[in-house]
Amino acid sequence: MLSVVLGGVRARWASFLGGFLALALGVGLLTATGLGLAAALDPPAHAPERFASSPVVVLGQDRLTVEVRRGPGTAPVSRPLDRPQPVDIELLRELRARWALRQDPAGVPRPDAVGLDAPADEVRAVVGGRALVLTGDERRRADPGHERDGRELTGLTALLGTTGGVAAFVSVFVVASVFAFSVALRRREFGLLRTAGATPGQVRRLLLAEALLLGTAASAAGCGLGALAAPPMARELVARGLAPGWFTPAVSGGSAGWPYHLAFWTGLCVALAGAAAAAHRASRTGPEAALREADVDRDVLPPGRALLGAGLLAAGAGLLLWTYVTDPGALLKRKTYTTLPMLLTGGAALLAPLLVRPAARLLPVPRGGAVGLLVRANGAASVRRTAAVAAPVLVTVALAGTLFGASEGVALAKETEARQRTAAPYVAEGPGLRLPAPEAGAVVAASGPTSLFVRDGAEALVKYGARAVADPAAFARLARLPVVAGDLRDLDDRSIVVNEEFERRRVGEEVEVWRADGSGPVRLRVAAVLALGTGDNGPYVTRAHAPGTVLDRLESDRPLPGADAPAAAPPGGNPAARTGLRLLLGLVLLHTVIALGSTLLMATSARGPELASLRLAGATRAQVLRAVAGESVLAVAIGTVLGLVVTAAVLGTLAAGLAALSAPVVLAVPWALTGAAAGGCALVAVAASALSAWRPAR
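Because the structure is a prediction, the values reported are computed rather than measured.

Engineer: How would you sum up a negative patch on the surface? Please name residues and give values.
Structural biologist: The grouping of D327, D456, E459, E501 and E503 at the surface amounts to a negative patch. Mapping D456 onto the fold places it in strand β8 (residues 444–456).

Engineer: So what's going on with the packing of helix α9 (residues 303–326) against helix α10 (residues 334–350)? Which residues, and what values?
Structural biologist: Two numbers describe a pair of packed helices, the interaxial angle and the distance between the axes. Between α9 and α10, whose axes approach to 7 Å, the crossing angle comes to 150°. Judged by the angle between their axes, α9 and α10 are roughly antiparallel. Remark: the crossing between α9 and α10 carries left-handed chirality. Residues R305, L308, G309, L312, L313, A315, G316, A317, L319, L320 and T323 of α9 form the contact with α10, whose own contacting residues are L340, L343, L344, G346, G347, A348, A349 and L350.

Engineer: Tell me about the sheet that holds strand β6 (residues 132–135), residues and numbers included.
Structural biologist: Taken in spatial order, the 4 strands make up an open sheet running β4-β5-β1-β6, and their pairing is antiparallel. Here the strands that pair on one side only, and so sit at the sheet edges, are β4 (101–103) and β6. For this sheet, the mean inter-axis angle between neighbouring strands, taken without regard to orientation, is 30°. Pairing of strand β1 (residues 56–59) with strand β5 (residues 113–116) involves 4 bridges; the strand directions are antiparallel. Bridge pairing links V56 to L116 in β5. Most of the contacts of helix α3 (residues 89–98) go to β4, to which it runs at about 130°, and overall it touches β1, β4 and β5. On top of the sheet, helix α4 (residues 120–127) reaches β1, β5 and β6; it is set at about 170° to β6, its chief contact.

Engineer: Can you lay out the pattern of salt bridges for me, pointing to particular residues and giving the numbers?
Structural biologist: For the structure shown, the criterion picks out 21 salt bridges. Here R93 and E90 are joined by a salt bridge, their closest N and O atoms 2.6 Å apart. With R93 and E90 both in helix α3, this residue pair falls 3 residues apart, about one helical turn. On the accessibility criterion, E90 (39% relative accessible area) is partly exposed. Across the salt bridge formed by R553 and E555, the nearest N and O atoms sit 2.7 Å from each other. Among the ionic contacts, a cluster of salt bridges with common partners joins R455, E510, E512 and R523.

Calculation rules
- Residues numbered from 1 in each chain as written.
- Predicted model: local features only at pLDDT ≥ 70, side-chain atom pairs only at ≥ 80, totals over all residues.
- Heavy atoms only, no water.
- Patch = residues over 30% accessible without salt bridge, like charges linked within 9 Å, V, L, I, M, F, W, Y side chains within 5 Å.
- Areas by Shrake-Rupley, 256 points an atom, 1.4 Å probe, with all protein chains shown as cover.
- Salt bridge = Lys/Arg side-chain N within 4 Å of Asp/Glu carboxyl O.
- Lys, Arg positive; Asp, Glu negative; His and termini not counted.
- Charge placed at Lys NZ, Arg CZ, Asp CG, Glu CD.
- Helix = DSSP H or I, 4+ residues; strand = E, 2+ residues; numbered from the N terminus.
- Axes fitted to C-alpha atoms, helices over the stretch in contact; angles between N-to-C directions.
- Parallel < 35°, antiparallel > 145°, perpendicular 65-115°, else oblique.
- Left-handed = near helix turned anticlockwise from the far one by under 90°.
- Contact = heavy atoms within 4.5 Å.
- Pairing = 2+ DSSP bridges.
- Buried < 20%, exposed > 50% of the residue type's maximum accessible area, 1.4 Å probe, protein only.

As structure tokens, then:
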């Protein structure tokens with residue numbers, strides 16, 4: 001058996017090259033993202049910056065801890081504050097009486113942290129529960145960028161996890177497609193093996209052994225490729241501001257072992273899973289297949305593939321509708337519009353053979369001359385070949401359209417909503433703004449960012465990003481918020497403007513909140529309720545409940561220094577999301593190129609007798625090449641149309657979700673991007689088919 005497997009791989013190395021490259025690329029990306037995830041989940045140790053020379057640091061409380069209900073009892077829940085609380089003055093006095101204190105910055109009456117050169121146990125005995133005593137690596141909690149680093153690592157974890165998941169999905173799809181088409185081209189070979197006495201089990205084991213050999217070699221190569229790619233990937237993430245400056249993945253030792261194991265065994269399982277269905281089908285080939293040759297494909301959609309495709313399609317559509325009905329706001333989240341389209345895409349790709357013949361007949365094909373007739377007839381007759389080319393194009397166009405269309409649509413909806421939020425003709429934005437000198441008759445509404453902590457029922461503590469208003473009367477005159485109940489003019493130091501996400505959202509009800517510095521709780525009356533929108537509508541409080549807030553937005557009915565027309569963040573303002581989407585699309589395009597090239601090289605190389613017959617019938621070499629290229633373009637067009645159908649379903653549901661949230665409905669179909677993806681696929685398909693047909697068409 002082993003000699004037969006090795007001989008078959010040597011003889012058909014070109015047929016296995018596409019699957020090998022796709023799998024090695026997928027495993028390499030899994031390895032690189034896994035090493036990045038390992039470094040993000042277990043960050044490498046780095047020295048504290050602010051108090052590097054102090055062995056002990058006393059830090060004001062930097063988290064709010066509240067008791068919430070857990071089952072029959074209660075349990076503490078903590079949420080990070082916007083900034084640490086100042087150290088108590090009395091505590092500072094006691095510490096100075098015993099030790100010399102280091103303070104950064106110097107001269108601040110109530111610093112949030114001080115450094116000491118003293119025994120930690122003695123410092124803890126003095127501090128008690130009035131502040132935090134940090135030693136060793138924990139001293140980094142006093143660094144100004146500590147919380148920012150945590151947020152960047154959280155975003156980086158999501159980015160790398162999503163990238164690894166899509167890499168696994170695309171690799172499974174491409175490898176399975178290459179194996180399935182390769183088996184379809186080898187029907188006569190399997191018939192000869194059966195005629196020579198091979199059992200169905202031996203045929204099945206032969207294909208699985210080929211997949212095992214391919215998977216082992218490709219996974220090992222991919223692990224090496226990922227180890228080489230991880231350091232430059234980390235440097236690029238740091239350069240784009242998506243990871244802390246000290247971030248670097250370790251390619252060996254420590255926690256670097258599990259990414260290699262995960263990527264290698266995933267790649268091997270992908271190869272075996274991709275070959276399993278094809279091996280089962282090949283094992284059913286009878287000896288008569290050695291004597292039969294058909295020009296029209298039959299039984300192109302096995303029951304198992306049809307069931308899996310229909311299940312994925314139904315699951316994707318059902319989850320989209322369920323999310324729209326139960327939680328339309330989730331449709332705006334990257335996790336949703338990244339994962340759910342993959343179910344629809346996978347289902348449509350699996351069912352592609354069922355749609356090839358109708359699509360080939362419906363799509364416009366030049367009817368003049370024999371070439372157009374051959375293109376349409378061969379496209380409808382050779383369903384396996386057409387579907388094998390259309391499926392990766394479908395995946396590329398669908399993922400490009402859904403990922404970028406949803407991301408741009410959400411960003412544009414946020415931008416439009418931000419512009420509609422004010423009636424002021426002049427807006428100035430930026431950190432550290434100051435109120436201008438009062439001018440007779442001028443209305444200036446100033447606000448700044450803050451945070452509020454609110455109980456969600458009795459079981460959770462939620463941190464909300466809020467806005468603090470300096471002048472409630474001016475704010476009410478210039479704001480054009482989507483109020484569904486109450487009146488913005490009722491906002492004062494004893495009230496709050498909430499949105500529909502709050503549990504207590506009836507006008508007149510009281511909401512218990514903690515401020516950004518952890519002070520509270522205070523009970524504020526609901527003055528008005530806003531529609532949820534894209535998630536940036538409220539809550540709003542006055543500056544009395546926003547200690548330490550710095551103004552970053554001025555709205556006025558008169559010109560202001562540095563003011564302009566109402567502005568908002570540009571579309572796609574999240575750099576991590578944009579970088580992740582570009583990485584995903586590049587990955588999908590590369591896999592598609594590999595799949596198209598390998599499929600068409602295999603398919604055209606097996607059509608030597610057919611192309612020779614065309615020449616004997618009087619076709620010129622140019623006509624044969626045009627017919628082969630036209631069939632490839634037709635297959636690409638079918639995949640493009642099916643990908644656009646998936647895109648329309650996802651973006652249509654997103655538009656319905658925006659409408660349900662009372663947010664601006666903005667559709668952003670990335671025509672240029674999907675067109676470029678389809679055009680690139682067409683170029684690769686034409687080049688691969690024409691090159692492989694050049695010699696047989698002589």
